[in-house]
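# Residue-level structure breakdown
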Amino acid sequence: MAAHRCSWWSWLLILFSLSVFVVADIHETTPVNDHHGGVDHNAQTAEQTADQPAVEERRWEATEVKEAATVDAAADIQGTSAPETVVPSSVPQPKDDFQEELVIRPLHSGDIYASFQFRTLWDTDFMRENKVSHYRLFPKSLGQVISKFSVRELHISFTQGYWRTMQWGQPFIPSPPGAELWVWFQDSVTDVDATWKELTNVLSGIFCASLNFIDSTNTVQPSASFKPLGIGNVTDHSFVRYATLPREIVCTENLTPWKKLLPCGSKAGLAVLLKSEKLFHSSFHSQAVHIRSVCQDWQCKTTSWELRQTLNSVFDLHNSGQTKREWSLFKMFSRTLTEACPLASSSKLYIDITDNPQGEQFELSPATSLLSQAVVLGDRRTFSVYDLTQETTFGSVRSLNLLIRWKSNEGEMLRPLLHAERYVAGYGLQTGEIHTLMYNNHPYRSFPVLLLDSVPWYLRLYIHTLSVTSKGKDNKPSYIHYEPSKDRVKPHLLEMLIQLPPNSVTEVTVQFERALLKWTEYPPDPNHGFYVGSSVISSLVPSTVAMHTNSTQERPLFSSFFPCKEESSYFVRIYTEPLLVNLPTPDFSMPYNVICLTCTVVAVGYGSLYNLLTRSFQIEEPNPGLAKRIANVIRRMRGVPPL
């Protein structure tokens, strides 16, 4: 019995010694683990323990050094330098960023051009297997669209009115009248056409637009015109689709869901100026959404998704009821600025004063001493900058109502180097001719342009009549891609690479024949005509100043949309006017006349026959004479039965 007691106590002694060693080992390894993952815990301990300040302070410094050493070691492995400011690993860095800008350009005609730019950057991967579930600044509806349909790039615009290039100059981001949609899909998409059709239906619901009318009859597959604007050099054009709806009407139903995509909505920041009553009374209005992946650094080791929402508007001096050349934020938008969007890292207002260096053209009130220069569309422009994140910008009244007052009507606008227009010629309703004019206003430089034409199937092109002339001579295109149409299946697609001589007008003409549609294919107002989408012209135009080729360089949003690969040229995309073509239209009043005549015949003929077949006939005695009727009256008065 004593032996058993000794063995029992020996086992307890062994277990106790082992537990002591384990606890000692844990105490030795705990500081290292705390240094890598428990920085916040050490900070709280340093704040709570006031009787040992020196010891705890040294621990915090040691932890910071170890953290910095860890970052340095990771940077040495990747071949990059460690950052100067070390952020504890327990504090998560925000992976998304939001910026907003408003650019106002006074025009020489007295009109004013306002361009809103909203950009949301998010460092995430929509294509991973586990779906993204947490959204902070990026709209969830568009994030789900990207992941579900494997979208590489998406560009959609809704425009009311036509941009007058010769009066207003080049816009920051061009768009054709109506609705435009072009999408690049990932290589993993197997059936692009089915995905495209489903995507248009989803976008139609998101933006409350008629995008569900996009089908194979108005969709083309460009071979060279629409390259990706984000990262990657995709050469397989079977994954791109382009379509337009030139008759799409833009209204408040499209603007409201567009504003809801912003992090602050229309409650704060520059978006408070987006009042539909004022925007839709302007001469030109365009809203767009662009989604693409961009580089975070100049080596493009890391990428992020960019959502850029743009809204451009031109306010006409006469349509606005202005009696003098004077504009303000309240006159343009019926509102003023009171604060920046709290979620925006940058919120700025730019006023283009390039043509007003000494203030001889117009006057700004309140004035600002902050100036900025940016290379925009091949020209160096100067801007007055109002930083909305600074409280001094709003003054003591906490409101910014910028006033632009003209002093002189003199001055000329710089003529754009590239301009285009298009019209329909011919007479009758059988044949016609499409004329496209492209102007190269450069005095001594020639440059190539890429022309894309998408013509509906009911205009049957005679491609053998295609001609390109410059200065009265034939100008043979260096590249032609043509896909003929199929009736009620797909439209024509014509792409050409043309060299424009300096200071010249190049004319492209092609004849067509109008098709006769079925009576069920005509719209409710067939005599109004049928719309043909705008031609798309893309070109690298010579620049007067050196362009910035580093896309990751910090620049204003309005000057960083199109990527630039060369310092001597910049990319320009312009759109011509949409065409309105009359087709042979039957007299739709004839069915009405036939229906009326048929109903009359049926009512008279069949009605009379039916009346004869169903009426019951009774024999009536002839009426009695006058003497007999008088006698019967007397007999009734006497109470005697009548004769």
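On a predicted model such as this, the values are computed, not experimentally measured, just so you know. (Residues numbered from 1 in each chain as written. Predicted model: local features only at pLDDT ≥ 70, side-chain atom pairs only at ≥ 80, totals over all residues. Heavy atoms only, no water.)

Let us look at the overall build of the chain. A count of helical and extended segments in the chain gives 11 helices and 26 strands. Expressed as a percentage of its 643 residues, the buried residues of the chain come to 45%. The long-range fraction of contacts in the chain, counting pairs at least 24 apart against all pairs at least 6 apart in sequence, stands at 75%. Surface exposure of the chain reaches about 34600 Å², of which carbon and sulfur atoms provide 55%. (Helix = DSSP H or I, 4+ residues; strand = E, 2+ residues; numbered from the N terminus. Buried < 20%, exposed > 50% of the residue type's maximum accessible area, 1.4 Å probe, protein only. Contact = heavy atoms within 4.5 Å. Areas by Shrake-Rupley, 256 points an atom, 1.4 Å probe, with all protein chains shown as cover.)

The next point concerns the sheet that holds strand β5 (residues 219-220). An order of β5-β6-β4-β3-β7-β8-β2-β1-β10-β13-β12 is seen for the 11 strands of this open sheet, with the pairing classed as mixed. Strand pairing shows two members of the sheet lacking a second neighbour, β5 and β12 (371-376), which therefore form its edges. Note that strand β10 (residues 346-352) and strand β13 (residues 379-387) share 5 bridges and pair antiparallel. Within the sheet, the bridge partner assigned to Tyr350 lies in β13 and is Val385. (Pairing = 2+ DSSP bridges.)

Taken together, 3 strands build an open sheet; the order of strands is β9-β14-β11 and the sheet is antiparallel. The open sheet has two edge strands, β9 (326-328) and β11 (362-365), and neither has a second partner. Strand-to-strand twist in this sheet, taken as the mean axis angle between neighbours without regard to direction, amounts to 15 degrees. Pairing geometry for β11 and strand β14 (residues 403-406), over 4 bridges, is antiparallel. Of the residues in β14, the one forming a bridge with Phe362 is Trp406. (Axes fitted to C-alpha atoms, helices over the stretch in contact; angles between N-to-C directions.)

Take helix α11 (residues 626-638) next. Taking 1.5 Å as the rise per residue, α11 with 13 residues should run 18 Å; its terminal C-alpha atoms sit 19 Å apart, in good agreement. Positioned one or two residues after α11, Gly639 has a phi angle of 85 degrees, which is positive. (Expected span 1.5 Å × (residues − 1).)

Attention now goes to the side chain of Asp111. Mapped onto the elements of the fold, Asp111 is located in the loop between β1 (96-106) and β2 (112-122). Of the side chains with opposite charge, Arg164 lies nearest to the buried Asp111, which makes no salt bridge, at 6.4 Å. Residues in contact with Asp111, not counting those within four places in the same chain, are Pro106, Trp168, Val314, Phe315, Asp316, Leu317, Trp327 and Trp406. (Lys, Arg positive; Asp, Glu negative; His and termini not counted. Salt bridge = Lys/Arg side-chain N within 4 Å of Asp/Glu carboxyl O.)

Within this structure, the stated rule accounts for 16 salt bridges. In this structure, the salt-bridge partner of Asp96 is Arg136, at a minimum N-O distance of 2.8 Å. In this pair, Asp96 is assigned in strand β1 and Arg136 in the loop between β2 and α4 (140-149), connecting sequence segments 40 residues apart. On the basis of relative accessible area, Arg136 is assigned to the partly exposed category, the value being 49%.

This next bit is on the confidence of the model for the chain. On average, residues of the chain carry a pLDDT of 82, and 83% of them reach 70 or more. When the criterion is pLDDT under 50, residues 1-6 qualifies, and its contacts beyond four places in sequence or with other chains add up to 0 contacts. (pLDDT = per-residue confidence, 0-100.)

Across all of its chains, the model carries 1 disulfide by this definition. The disulfide partner of Cys264 is Cys341, and the gap between their sulfur atoms is 1.8 Å. Handedness here is read from the sign of the S-S torsion; for Cys264 and Cys341, about 70 degrees, the answer is right-handed. Note that Cys264 is positioned in the loop between α7 (252-260) and α8 (276-279) and Cys341 in the loop between α9 (329-333) and β10, a separation of 77 residues in sequence. Judged by relative accessible area, Cys264 falls into the buried class, the value being 14%. Sulfur of Cys208: no disulfide; nearest cysteine sulfur belongs to Cys251 and is 8.6 Å away. (Disulfide = S-S within 2.5 Å.)

What follows is about α4. Inspection of α4 places Leu142, Gly143, Val145, Ile146, Ser147 and Phe149 among the buried residues, and these make up the whole buried set. Taken from the residues just after α4, Ser150 is the one with a positive phi, measuring 55 degrees.

With that out of the way, let us pick up unusual backbone geometry. For the bond from Ser365 to Pro366, the omega torsion is 0 degrees, close enough to zero to count as cis. Checked against the element boundaries, Pro366 lands in the loop between β11 and β12. Positive phi values are uncommon outside glycine, yet Ser150 reaches one of about 55 degrees. With respect to the secondary-structure elements, Ser150 resides in the loop between α4 and β3 (151-160). The buried category is assigned to Ser150, whose relative accessible area is 15%. In this structure, Ser334 takes a positive phi of about 65 degrees despite not being glycine. Relative to the helices and strands, Ser334 resides in the loop between α9 and β10.

Bridging between β9 and β14 involves 3 bridges; their strand directions are antiparallel. Looking at the pairing, Trp327 lines up with Ile404 of β14.

To continue, consider the side chain of His285. Tracing the sequence through the fold places His285 in strand β7 (residues 284-295). Classification of His285 by relative accessible area gives buried; the value is 2%. Sequence-distant contacts of His285, that is, excluding residues within four places in its chain, are made with Phe158, Thr159, Gln160, Val250, Leu279, Phe280, Leu311, Asn312 and Ser313.

Moving on to a nonpolar patch on the surface. Among the surface-exposed residues, Val602, Tyr606 and Tyr610 lie close enough to one another that they form a single nonpolar patch of about 350 Å² accessible area. Positionally, Tyr606 belongs in helix α10 (residues 589-614). On the basis of relative accessible area, Tyr606 is assigned to the exposed category, the value being 55%. (Patch = residues over 30% accessible without salt bridge, like charges linked within 9 Å, V, L, I, M, F, W, Y side chains within 5 Å.)

Once that is clear, we can look at the packing of α4 against helix α6 (residues 192-207). Taken N-terminus to C-terminus, the directions of α4 and α6 make an angle of 175 degrees; their axes are 11 Å apart at the nearest point. When the interaxial angle is binned, α4 and α6 end up roughly antiparallel. When α4 is examined against α6, the residues Ser141, Val145, Lys148 and Phe149 are found in contact with a partner set consisting of Thr195, Glu198, Leu199, Val202 and Ile206. (Parallel < 35°, antiparallel > 145°, perpendicular 65-115°, else oblique.)

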